[in-house]
Amino acid sequence: MAKQGYHHGNLRQALVTAALDLIAARGPQGFTLSEAAKEAGVTPAAVYRHFAGREDLIAECARQGYAIYADLMEHAWNGGQPSALAAFGAIGRAYLAFAKKFPGHYMAMFESGLSPNRSPELANGAARAEAVVMRATQALSAHIPAARRPPASMVAAHIRALSHGVVELYARGTPGGQSPYSPDDLLESGIGVYLRGLGLIAPD
């Protein structure tokens, strides 16, 4: 199938698909361009018609991932409906769902060591996804006087760190990652504790 796609001019995407499979199986640093080419059914030399090197290929995996991720975040936020808090929770669940359904993209985006500022396309995709979380954070804190309001960027960074930690420790099925609670429940309760501590939502 990969060779057939190449003959029809789909070599670039065939290589991206091969790289995503390899990243999901071995991590961003666990494969070579030759292995990606073999997986796609082409010669190693053919890779350089579309990518300058392995990092360039991983960057394209990340770029496509950010596009999917941003779409999912925007859909989950849904304009803050039915409430800012409910929509914020939906964003957290969407993050976990993305990591589970698109592991190759997720690892290319967040575990490859590539800066989102590597290219304008990559930066724009990352910024679009980040903007959703910023809007959600600003909506949650709108009722707090400006002088006492925590910086939205700080809250967004903390939520992102908490979400990533749940993915790494509990959502991958790795040894030692068992928990009596589901990843969704862990993230929801963790975000709730954090937001209550900041005074962004009322105590139970």
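Here is what the cut-offs are and how they apply
- Residues numbered from 1 in each chain as written.
- Predicted model: local features only at pLDDT ≥ 70, side-chain atom pairs only at ≥ 80, totals over all residues.
- Heavy atoms only, no water.
- Helix = DSSP H or I, 4+ residues; strand = E, 2+ residues; numbered from the N terminus.
- Buried < 20%, exposed > 50% of the residue type's maximum accessible area, 1.4 Å probe, protein only.
- Contact = heavy atoms within 4.5 Å.
- Polar contact = N/O pair within 3.5 Å; in protein donor to acceptor, adjacent residues only side chain to side chain.
- Expected span 1.5 Å × (residues − 1).
- Arc of directions from axis to C-beta.
- Core = buried A, V, L, I, M, F, W, Y, C linked by side-chain atoms within 4.5 Å.
- Salt bridge = Lys/Arg side-chain N within 4 Å of Asp/Glu carboxyl O.

Asks: Before we move on, could you go through the environment of histidine 164 and cite the residues and values that matter?
Replies: Residue position: histidine 164 is located in helix 9 (residues 152-170). Judged by its relative accessible area of 23%, histidine 164 is partly exposed. Separated by 78 residues in the primary sequence, histidine 164 and alanine 86 have C-alpha atoms spaced 20 Å apart. Beyond its immediate sequence surroundings of up to four residues, histidine 164 is in contact with Tyr95, Tyr106, Phe110 and Glu111. A polar contact is formed between the side chain of histidine 164 and the side chain of tyrosine 106, at a distance of 2.5 Å.

Asks: Tell me about helix 8 (residues 120-140), residues and numbers included.
Replies: Over its 21 residues, helix 8 extends 30 Å from the first C-alpha to the last, a length consistent with the 30 Å expected when each residue adds 1.5 Å. When we look at burial in helix 8, the residues that qualify are Leu122, Gly125, Ala126, Ala129, Val132, Val133, Ala136, Thr137 and Leu140. Buried residues of helix 8, viewed axially, fall in a sector of 135°; they line one side. Opposite its buried face, helix 8 presents the exposed residues Pro120 and Asn124, each directed more than 90 degrees away. Elements that come into contact with the buried residues of helix 8 comprise helix 5 (54-77), helix 6 (84-101), helix 9 and helix 10 (183-198).

Asks: An account of the side chain of serine 112 is needed here, citing residue identities and associated values.
Replies: Tracing the backbone shows serine 112 in the loop between helix 7 (103-110) and helix 8. Residue classification places serine 112 among the buried residues on the basis of a relative accessible area of 10%. A distance of 3.3 Å separates the side chain of serine 112 from the backbone nitrogen of leucine 114, its partner in a polar contact. When neighbours within four sequence positions are excluded, serine 112 is seen to be in contact with Pro28, Gln29, Ile58 and Met107.

Asks: Report on the nonpolar core, specifying residues and quantitative values.
Replies: Core analysis: the largest hydrophobic core is formed by 61 residues, its most contacted members being Leu15, Phe31, Leu57, Tyr69 and Ile91. It is helix 5 that provides the largest number of residues to this core, a total of 11 residues. Residues contacting leucine 57, with those up to four places away along its chain left out, are Leu15, Val16, Ala19, Phe31, Leu33, Ala36 and Phe51.

Asks: Kindly report on the pattern of salt bridges, identifying the contributing residues and their values.
Replies: Inspection of the entire model under this criterion finds 7 salt bridges. With a closest N to O distance of 3.1 Å, aspartate 71 and arginine 128 form a salt bridge. Separated by 57 residues along the polypeptide, aspartate 71 in helix 5 and arginine 128 in helix 8 bring together distant segments of the chain. Under the relative-accessibility criterion, aspartate 71 is labelled partly exposed at 44%. Put simply, glutamate 74 and arginine 128 hold a salt bridge, and the shortest N to O gap is 3.0 Å. With glutamate 74 in helix 5 and arginine 128 in helix 8, this pair connects stretches of sequence that are 54 residues apart.

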